[in-house]
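Examination of the molecular architecture
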Amino acid sequence: MTILATESQRFSNTVKQELWPEHSYCRNVVVINDAAATLKIGTVLGKVTATGKYKVCSPGASDGSQTTAAVLLQDITIAATTDTNILAMTRGPAAVSFSGLQFGAGFTTDNQKAAARAQLEAVGVQVLDAV
C-alpha cells in the first residue's frame, strides 16, 4: 500500500490547556543532557537530582530521572552528553492528552505509565484520556 502522507506529532496533540501561555507560566527553558537522540513533542522527561538537568524519563533509573518532571514541548535532536536548552512544561495548571505523551523505552507496563501520569498530576499537569 502506498503512503500518501504522514503526520508528525503536533503541539496541539499534546497540550490541551495551560494557564497564561502568553506569559509562559507553565513553560520553562531547561537543560537536557542525555544520549544522542531525536525527541518528539510530548516526550516525558525526568530531572537528574545531582545536576538539575533533564533527560528522557526511565522508570528503571536511580538518578532522579525515574520520576516524571516535565513534558517536552518541541521536536529536537540532541547530541550525546551535550547540554542543550529545550522548552518544557514543568508545572501546571495545565492539561495534556495521554495519547500525546511519548514514553521512553523503559516504560514497558501500564503501571509505569500510570505512575508517570500521577507524577505529572502532582506538579499540576492534568493528564486527560478523552482528547
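The preceding data block contains the structure.
Residues numbered from 1 in each chain as written. Predicted model: local features only at pLDDT ≥ 70, side-chain atom pairs only at ≥ 80, totals over all residues. Heavy atoms only, no water.

Our next topic: the sheet that holds strand 9 (residues 94-97). Across a sheet, paired strands are connected by hydrogen bonds in the backbone, their directions being either parallel or antiparallel. The strand order across the open sheet formed by three strands is 1-9-10, and the pairing between neighbours is mixed. Pairing within the sheet leaves two strands with one partner each, and these edge strands are strand 1 (15-18) and strand 10 (125-128). Neighbour-to-neighbour, the strand axes of the sheet open up by a mean angle of 20°, direction not taken into account. Of the strand pairs in this sheet, strand 9 and strand 10 are connected by four bridges, and their pairing is parallel. Counted as the bridge partner of valine 96 is valine 127 from strand 10. (Pairing = 2+ DSSP bridges. Helix = DSSP H or I, 4+ residues; strand = E, 2+ residues; numbered from the N terminus. Axes fitted to C-alpha atoms, helices over the stretch in contact; angles between N-to-C directions.)

Mapped onto the elements of the fold, glycine 124 is located in the loop between helix 2 (110-122) and strand 10. Distance in space between the C-alpha atoms of glycine 124 and leucine 101 is 16 Å, their sequence separation being 23 residues. Setting aside its immediate chain neighbours within four residues, glycine 124 contacts Gly92, Pro93 and Ala94. (Contact = heavy atoms within 4.5 Å.)

Let's shift gears to the packing of aromatic side chains. In total, this model carries three aromatic pairs according to the counting rule given. Each ring, one from phenylalanine 98 and one from phenylalanine 103, has its centre 5.8 Å from the other, and the planes form 50°; the classification is tilted. Clustering of aromatic rings is evident, with ring pairs tying together Phe98, Phe103 and Phe107. The cationic tip of arginine 91 hangs over the ring face of tyrosine 25; the distance from NZ or CZ to the ring centre is 4.0 Å. (Phe/Tyr/Trp six-rings, centres within 6.5 Å; stacked < 30°, edge-to-face > 60°. Lys NZ or Arg CZ within 6 Å of the ring centre and 35° of its normal.)

In this section: the pairing of strand 10. Along strand 10, the buried face is formed by Val125 and Val127; none of Gln126 and Leu128, which line the opposite face, is buried. Remark: the strand 9/helix 2/strand 10 crossover connection has right-handed handedness. (Buried < 20%, exposed > 50% of the residue type's maximum accessible area, 1.4 Å probe, protein only. Right-handed = clockwise from strand over helix to strand, strands pointing away.)

As a further point, take the pattern of salt bridges. The tally for this structure, following the rule as stated, stands at five salt bridges. Between arginine 117 and glutamate 121 there is a salt bridge, with its nearest N and O atoms 3.9 Å apart. With arginine 117 and glutamate 121 both in helix 2, this residue pair falls four residues apart, about one helical turn. Given the relative accessible area of 21%, arginine 117 is considered partly exposed. (Salt bridge = Lys/Arg side-chain N within 4 Å of Asp/Glu carboxyl O.)

Attention now moves to the nonpolar core. Val71, Met89, Val96, Leu101, Leu120, Val125 and Val127 are the most contacted members of the largest nonpolar core, which totals 15 residues. Those elements giving two or more residues to this core turn out to be strand 9, helix 2 and strand 10. Setting aside chain neighbours within four positions, we find methionine 89 in contact with Val15, Glu18, Cys26, Arg27, Ala69, Ala70, Val71, Leu73, Ala94, Val96 and Val125. Val30, Leu72, Ile86 and Ala88 belong to the second-largest nonpolar core, a separate cluster that totals 13 residues. (Core = buried A, V, L, I, M, F, W, Y, C linked by side-chain atoms within 4.5 Å.)

Right, let's get into the state of the cysteines. Per the counting criterion, the structure on display carries zero disulfides. Left unpaired, cysteine 26 is separated from the closest cysteine sulfur, that of cysteine 57, by 19 Å. Note on cysteine 26: relative accessible area 0%, which makes it buried. (Disulfide = S-S within 2.5 Å.)

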